[in-house]
Amino acid sequence: MCHSLLGPFAFGSNVNFVVGNNGSGKSAVLTALMVGLGGKATTTNRGSSLKGFVKEGESSADVSITLRNKGRDAYKPEVFGQAIIVDLKITREGMRTYKLKSKAGHLVSAKKDELLAILDHFNIQVDNPVSMLTQEMSKHFLHSKGEGDKYRFFMKATQLEQMKEDYTYIITTKNVTLDTVEKHEECLEGLKRKYLEKEDRVKSLASLDDMHSKLEELKNQMAWALVSEMEKEVKPMREKLQSEERSTIKYDQKVDEWKAKVVEAEKKYKGIREQLEAITVRVQQLEPQSAELKNEAQSRSKAFNTAQVREHISQTSGAETQVRVERMEKLQTDLDTLNFQDSTLGQQMEQFQQAVSRAKDELEKMMREEEDLKRSMEAIRRKLQTMEGSRSDRLRRFGEKMPALLAAIEDADRKGQFRKKPVGPLGYCIRLKDHEQALAVEKCLGSLMVAFTCDNHEDEKLLQGLMRGYYQGGRRPQIITCQFFNRVHDTSRRAVNHPDYPSVLQSLEIEDPVVANCLIDQRGIETILLIKARRVMQGRQPPRNCYQAFTKEGDQCYNNRYYSNDQRRCDYLSRDVEEEIRQLQEEMRNKEAHLDRFSQQKQRVEEDIRNNNSLLKRAYDDRKREEELEEINNKISAGRAESEEARRKMAQLKASWEEVEQRYRQHKDSISTVAEEAEPIKEELSKSDQDVEKSKHHKKHYEDKRKVHINTIQALKASLDLKEQELTASVVKATEICPERSEVRRTARSLDSEISRLKLKISTQQDQQGDREEVIRQYQEALENYSNINQQVKCLKRFIQVLCKIMDDRHRVYTELRRFLSVRCKMYFDSMLSQRGYIGKMMFEHKNETLSISVQPGVGDKAALSDMRSLSGGERSFSTVCFVLSLWAIAEAPFRALDEFDVYMDMVNRRISMDMMLKIASSQRYRQFIFLTPQSMSSLPVNNLIRILRLKDPDRGQTALPFGQRNEEEEEEE
């Protein structure tokens, strides 16, 4: 736009003419009206973008439009008042913002949705060419010779085109909905099957409830059965206790009887003993002196004999003593030499002992390492045989006996011995997507690589029998029993999903769902990641649903700990068998060379031990010799002193011995006389003592029996008390379990056996069916999904039926409306043409979407009707105006605007057309008409219904376009 300011324009309530020469801004007024009320830039035919409406050098453009808001059809009069002000701001970038204000100027809303609501309320159609006919659209319409263009103009003016597009969109939506219903019906069958499966599982839970009820009943019986059995145990114990208590009197009588006999025997024994004691006193008075004399005589005799022997030895071995002295002197010299060497010898012995100890420790360590090395070589040898065998058969990697075992399983399955054929080994049934992860996957699965899985326990027992024939005394592959399913478990909610690293489940290609489900159940492979570095797990926030991970080296990583792997190659999942065999052969050669070096080193250590033991023995012999010499030297020195002393005392001892010996013999004869008197008394005392002992023995016998009897009674009482306490506790416990006691005829053992069988059956069924709450939850989810989808399908079908009926009704009404509007348009068109004496005809071809207009100027001409293309420019413009006015008559709008509608008319046609439009405007004073024309309109009558807004001619320095009006006074708005 090239105008800095247009307006303000105060349009009249009925007819308004905006006149001015070309370039004065007439079309800009209509463009501002269309854009200000939400129209697109392309609708104005004056630009492709809103930013083209901003004057060069300016940053924005502003448009303000005031709409009348009075009467009973006013829009929110309590908010906006009697007028609605629409302010539009267009930026240089093509952005536009709206401000909707009340009559007082208060901002009410800045949303375009509010503006659209206002336009819908007032039925303002800025894109309808009948409501607002722009200059370009007017020229195009006047020059248009196509029947299809006229028909489209008619359809757009009457909004039938919009209705048609809406109906087409509805039909398309209906077809999409039909496709959706078909898809949902296909999905519904699967959901129904799933729902019925879950329903069957829930029904099977009813039998599980019956088993639980039976189990509770058996537990109640078991509680009172234990009470009954304990009562049966207590009853004989009470009877036995009463019997034992009655027998106590008999033992008391026996004990009292023998107590009296003991007292009588002791009394007799006491009298005899008193007689013997009198004789004994006499003997005792003599015996101490006799003993003293005897001891003295013996000691003096011994001392004399010893002295005599020593003297004899000294006299008879003088020459030998001289030799011994000389030898002693020589040994003393050797002893001095050995004492000098003693300190050095001790240190050497200690060194030898330490060397021997270290050598023995090293030898034991080497022997252990040698055993480990041999076991490692044996394992490598077996692995090498397995790998060489796997060249032709990959199954041999899982063991030499694995092919034969699988053949036996296949044979048993052909014979129908298995309900469902076992699957395994599991490692043989998986494939790696990335072989760099082979070691990590193998380390993760561990023993599951060679494991088998069975559908039921009967198949498991049969498979164990087959395995025993091939793995006798060795470790057999693991057997996992779990129900076979034809689809893989849904792990979407508990699986780990990492953007950079896969889980073990994601890294494997598993064709058999049974294998996948077994690994999911037993190892949780959907929750284990295969990573490159431990920081993934041991960072601040480990991956969700991941509790452990493995690196490609096989290291096991948790969020708080880390375990390194000492295995460096795969046993089952390696891709290059020849490379594995070559590495194993190389490792075997290295182990053999290492074993040879171990053997040589072991021989050297054993030789060192023998040498050190020899040196240590020699050192012990030297020290022993030194000790012997020292002992001999001590003995010789002592012997010399004793020999001199013995000669001096020998004479004295001989005289003393003879004197004491004489006195002892005399005293001994006196004692013998007194002892002869005591012999008969001793015999009688001995007999009496035997009687006492016999009586005491019998008394003690019966006392012991009574004590044992009493202890037995006490033990019975204690046992009975304990049993009664247990019985009371059992009664309390049984009452807690089952308050009402019931008669139980079965034994506790049979009840316990049945309870165990029932528990095993319940556990097995629970393992097969899964968790009760989970089964019920899955059933409810399946039922809810099926019900929801089924309800949706039913609703959509009802909706489609209703929609089809509504569309049929609407299409019928649409057809009737189109026909009625066509008839009214024809009628008004004929009426308008007749005002100038023209005859016309309008032909609607709704099927071909064409509109043909034929006009015959002049009544007197009897020629046939001709097409509008054969008319002159003025006649064609007049006919077009008649067509537009007929569309005005059938299309409702609060105001209408025409831009240069009379550009191709002559004065006569312009005057007639103008009179027709003014006549229509006069009959429709509730509508507002805006005509834009370059004519002066000076011939128009002067009245309050017509307002002429005149624009001045533009010049180069003009910044605003003032206008004048023909009326002296402004007409107030109604």
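These remarks concern the structure in this document.

Thresholds, definitions, all that
- Residues numbered from 1 in each chain as written.
- Predicted model: local features only at pLDDT ≥ 70, side-chain atom pairs only at ≥ 80, totals over all residues.
- Heavy atoms only, no water.
- Core = buried A, V, L, I, M, F, W, Y, C linked by side-chain atoms within 4.5 Å.
- Buried < 20%, exposed > 50% of the residue type's maximum accessible area, 1.4 Å probe, protein only.
- Contact = heavy atoms within 4.5 Å.
- Pairing = 2+ DSSP bridges.
- Helix = DSSP H or I, 4+ residues; strand = E, 2+ residues; numbered from the N terminus.
- Axes fitted to C-alpha atoms, helices over the stretch in contact; angles between N-to-C directions.
- Expected span 1.5 Å × (residues − 1).
- Arc of directions from axis to C-beta.
- Polar contact = N/O pair within 3.5 Å; in protein donor to acceptor, adjacent residues only side chain to side chain.

**Considerations on the nonpolar core**
Counting residues in hydrophobic clusters, the biggest one holds 49 residues, and the most contacted among them are Phe17, Phe154, Phe883 and Leu887. What phenylalanine 17 contacts, discounting residues up to four positions off in sequence, is Met914, Leu918, Phe931, Thr933, Met937, Leu940, Ile946, Arg947, Ile948 and Leu949. If you look at the next biggest cluster of nonpolar residues, it comprises 46 residues, including Leu405, Leu406, Ala438 and Ile480.

**A look at the sheet that holds strand β2 (residues 60–68)**
In spatial order, the strands read β2-β3-β4-β5; together these 4 strands make up an open sheet with antiparallel pairing. The sheet terminates laterally at β2 and β5 (107–109), the two strands that pair on one side only. Pairs of neighbouring strands in the sheet enclose a mean axial angle of 30°, with direction left out of account. Looking at chain direction, β2 and strand β3 (residues 83–91) are connected through 9 bridges and run antiparallel. Residue pairing across strands places leucine 67 opposite isoleucine 84, the latter belonging to β3. Against the sheet, helix α1 (residues 26–36) contacts β2, β3 and β4 (96–101), and its axis sits at roughly 80° relative to β2. The sheet contacts of helix α3 (residues 112–122) involve β2, β3, β4 and β5, and relative to β4 the element is tilted by about 60°.

**Topic: helix α10 (residues 457–468)**
Between its first and last C-alpha, α10 extends 16 Å over 12 residues, near the 16 Å set by a 1.5 Å rise per residue. Those residues of α10 that sit buried are Asp459, Glu460, Leu463, Leu466 and Met467. Here the buried residues of α10 occupy an arc of 120° about the axis, which is enough to place them on one side. On its buried face, α10 sits against α8 (402–414), β8 (452–454) and β9 (479–481).

**Looking at the side chain of aspartate 555**
On the secondary structure map, aspartate 555 appears in the loop between β12 (548–551) and β13 (556–557). Exposure remark for aspartate 555: the relative accessible area of 12% places this residue in the buried category. Separated by 2.7 Å, the side chains of aspartate 555 and tyrosine 562 make a polar contact. In this structure the side chain of aspartate 555 is engaged in a polar contact, spanning 2.8 Å, whose partner is the backbone nitrogen of asparagine 565. Not counting chain neighbours up to four residues away, the residues in contact with aspartate 555 comprise Ala549, Phe550, Tyr562, Tyr563, Ser564 and Asn565.

The quantities given are spatial measurements derived from coordinates; they are silent on function.
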